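# Analysis of the macromolecular model
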Amino acid sequence: MQLQMTFREALGASDRPLIGIWVCSGSPLVAEICAGSGLDWLLIDMEHGPNHLESVLAQLQAVAAYPVTPLVRAPGLLPVMIKQILDLGAQNILMPMTDTPEQAEAAVRAVRYPPRGNRGVGSALARSARWNRVPDYLVNGDDHVSLFVQIESVTGVANAAEIAAVDGVDGVFVGPSDLAASMGLLGQQTHPDVVGAVGRAFEAVRGVGKPVGVNAFDPAVASAYLEQGASFVLVGADVAMLARGSEELAERFVGGVE
């Protein structure tokens, strides 16, 4: 039995940037709708979305039949929970709020089996190894998991090259929202200073040979980041699209809402 391609492998196999959507609703049905859209990847969010282990499992199962790569954003650097997320069958982890190479190294340890890390061994009990139906899962465990870390602060940008260079970090995702907040520009993700900081992070990460991504829901901003060399971009979110779409209907047919 074979597992799906990791996000690391998908990036390496693609001749273009990969375009994704944030799945924040917690709904397996919505995740499946997004999975069949033709986009390349999904971000199932446990940091800000109403997701728990059972809902993440249901979404992973719902999207497994589609040619899309799911990433799960952990709520934080919580090794016990990361172990559970991996055992559910998540092959791609996004670690938020990574400010230092030491934090990146701790994230690597959380997703790797000994001796490289401290992930607990439970493959016979877990979907990750299809209950020991994946040959040599433990021996090849590192090959089945990719780790991406999220830089979203002034400190993270300053340390971007060192973070990206950590062995076991497969790529970096830049978060303009929290980055803007850390710069004293709360809610101003497209402020020139924020865009400039994102660009510096891009340059640092690409300088050590790792792929770098970003989220940008404004199409013009997303296109600009792609031109700057982003390897993967989130261009929308399920809940945001539903909110804006329903508001547009209300504006057209009702006259808007207060």
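The structure this text deals with has already been given above.
The following refers to the structure shown.

Rules behind the numbers
Residues numbered from 1 in each chain as written. Predicted model: local features only at pLDDT ≥ 70, side-chain atom pairs only at ≥ 80, totals over all residues. Heavy atoms only, no water. Core = buried A, V, L, I, M, F, W, Y, C linked by side-chain atoms within 4.5 Å. Buried < 20%, exposed > 50% of the residue type's maximum accessible area, 1.4 Å probe, protein only. Contact = heavy atoms within 4.5 Å. 1 Å grid on protein atoms, 1.4 Å probe; cavity = no way out; pocket = protein on both sides within 12 Å on 5 of 7 lines; lining within 4 Å. Points joined across faces, edges and corners; volume = space filled by probe spheres on them. Helix = DSSP H or I, 4+ residues; strand = E, 2+ residues; numbered from the N terminus. Nonpolar A, V, L, I, M, F, W, Y, C, P; charged D, E, K, R; others polar. Phe/Tyr/Trp six-rings, centres within 6.5 Å; stacked < 30°, edge-to-face > 60°. Arc of directions from axis to C-beta. Pairing = 2+ DSSP bridges. Axes fitted to C-alpha atoms, helices over the stretch in contact; angles between N-to-C directions. Patch = residues over 30% accessible without salt bridge, like charges linked within 9 Å, V, L, I, M, F, W, Y side chains within 5 Å. Areas by Shrake-Rupley, 256 points an atom, 1.4 Å probe, with all protein chains shown as cover. Salt bridge = Lys/Arg side-chain N within 4 Å of Asp/Glu carboxyl O.

## A closer look at the nonpolar core
Formed by 49 residues in total, the largest nonpolar core has its most connected members in Val72, Ile85, Ile93, Met95, Leu147, Val174 and Phe202. Setting aside anything within four residues of it in sequence, one finds Phe202 in contact with Val174, Val212, Gly213, Val214, Tyr225, Gln228 and Ala230. Of all hydrophobic cores here, the second largest spans 15 residues; its members include Phe7, Leu11, Leu94 and Phe232.

## Here's the deal with the layout of surface pockets
In this structure, the largest pocket occupies an estimated 370 Å³ of space. Forming the boundary of the largest pocket are 21 residues, of which Trp22, Ser177, Gln189, Asn215 and Phe217 lie nearest the centre. Of all elements in the fold, only α8 (176–182) and α10 (219–227) reach the threshold of two or more residues within the lining of the largest pocket. At three residues, α8 tops the list of elements feeding residues into the lining of the largest pocket. Grouping the amino acids of the lining of the largest pocket by side-chain chemistry returns eight nonpolar, seven polar and six charged.

## Some thoughts on the packing of aromatic side chains
Going through the model one piece at a time under the given rule, you end up with 10 aromatic pairs. With a centroid separation of 6.1 Å and an interplanar angle of 90 degrees, the aromatic rings of Trp22 and Phe217 are classed as edge-to-face. Taken together, the residues span a long stretch of sequence, with Trp22 in strand β1 (residues 18–23) and Phe217 in the loop between β7 (212–215) and α10 at a distance of 195 residues. The class for Trp22 is buried, based on a relative accessible area of 9%. Counting every residue linked through ring pairs, the aromatic cluster contains Phe7, Trp41, Phe148, Phe173 and Phe232.

## Thoughts on unusual backbone geometry
A cis amide bond, omega 10 degrees, links Pro114 with the succeeding residue Pro115. With respect to the helices and strands, the residue Pro115 is situated in the loop between α5 (101–111) and β5 (146–151). One non-glycine residue with positive phi stands out, namely Arg130, at about 55 degrees. Arg130 gets classed as buried once you look at its relative accessible area, which sits at 17%. Phi is positive for Asp136, which is not a glycine, with a value near 55 degrees.

## Quick notes on helix α2 (residues 28–35)
Of the positions making up α2, those classed as buried are Ala31, Cys34 and Ala35. An end-on view of α2 places all buried positions within 100 degrees of arc, on one side of the element. Counted as exposed and oriented over 90 degrees from the buried face of α2: Leu29 and Ile33. Each element contacted by the buried residues of α2 is listed here: β1, β2 (41–45), α3 (53–63) and α11 (238–253).

## Quick word on the sheet that holds β2
On the basis of which strands lie adjacent, the closed barrel formed by eight strands has the order β1-β2-β3-β4-β5-β6-β7-β8 and parallel pairing. Strand-to-strand twist in this sheet, taken as the mean axis angle between neighbours without regard to direction, amounts to 25 degrees. Pairing between strand β4 (residues 92–95) and β5: four bridges, direction parallel. Its bridge partner being in β5, Asn92 is matched across the sheet by Ser146.

## Re a nonpolar patch on the surface
Among the surface-exposed residues, Leu249, Phe253 and Val254 lie close enough to one another that they form a single nonpolar patch of about 370 Å² accessible area. For Leu249, the location among the structural elements is in helix α11. The class for Leu249 is exposed, based on a relative accessible area of 51%.

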